[in-house]
Amino acid sequence: GTLGKRNVLLVVVHLDDESMFFSPTLSYLTSRGHNPQILCLSIGDANGKGEIRKEVFYHACAILK
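About the criteria used
- Residues numbered from 1 in each chain as written.
- Predicted model: local features only at pLDDT ≥ 70, side-chain atom pairs only at ≥ 80, totals over all residues.
- Heavy atoms only, no water.
- Core = buried A, V, L, I, M, F, W, Y, C linked by side-chain atoms within 4.5 Å.
- Buried < 20%, exposed > 50% of the residue type's maximum accessible area, 1.4 Å probe, protein only.
- Helix = DSSP H or I, 4+ residues; strand = E, 2+ residues; numbered from the N terminus.
- Contact = heavy atoms within 4.5 Å.
- Phe/Tyr/Trp six-rings, centres within 6.5 Å; stacked < 30°, edge-to-face > 60°.
- Polar contact = N/O pair within 3.5 Å; in protein donor to acceptor, adjacent residues only side chain to side chain.

Novice: How should I be thinking about the nonpolar core in this particular structure?
Specialist: In summary, soluble globular proteins display a tendency toward joint burial of nonpolar side chains. In this structure, L10, V12, L15, L26, I38, C40, F57, C61 and L64 together form the largest nonpolar core, which totals 9 residues. For this core, the secondary-structure elements that each account for two or more residues are β1 (7-12), β2 (35-40) and α3 (50-64). Counting residues per element, this core draws most heavily on α3, at 3 residues. Apart from residues no more than four positions distant in its own chain, L10 is found in contact with F22, L26, Q37, I38 and L39.

See below:
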């Protein structure tokens, strides 16, 4: 059943943190049937590439989930 399945919120400060530091955790949670969601507190626009980095973040999240 779904009794032990949870929604899990991962909050990261920088884009790429989800991939560099939390890939194993996200993989484990997903393999156990949990539903991880990722919230990033910045858009990575220090070099004017925020829109590109945001799209990369979305793509990485789709792969990690």
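From this point, the narrative continues.
Novice: What am I meant to see in the packing of aromatic side chains here?
Specialist: The relative placement of two aromatic rings is captured by the distance of their centres and the angle of their planes. In total, this model carries 1 aromatic pair according to the counting rule given. Where F57 meets Y58, the ring centres are 6.1 Å apart and the plane angle is 50°; that geometry is what we call tilted. Its relative accessible area of 46% is what places Y58 among the partly exposed residues.

Novice: Can you walk me through unusual backbone geometry in this structure?
Specialist: Glycine aside, residues mostly have negative phi angles, and peptide bonds mostly take the trans form. Even without being glycine, D16 reaches a positive phi, approximately 85°. Position of D16 among the secondary structure elements: in the loop between β1 and α1 (17-20). On the basis of relative accessibility, which here comes to 32%, the residue D16 falls in the partly exposed class.

Novice: What am I meant to see in the side chain of H34 here?
Specialist: Here H34 lies in the loop between α2 (23-31) and β2. One polar contact links the side chain of H34 to the main-chain amide nitrogen of R6, over a distance of 2.9 Å.

Novice: How should the environment of T30 be read in this particular structure?
Specialist: Inspection of the secondary structure puts T30 in helix α2. With a relative accessible area of 28%, T30 lands in the partly exposed category. Residues T30 and K65 lie 35 residues apart in sequence; the distance between their C-alpha atoms is 6.4 Å. From its side chain, T30 meets the backbone oxygen of L26 in a polar contact 2.9 Å long.

That's the geometry; what it means functionally is another story.
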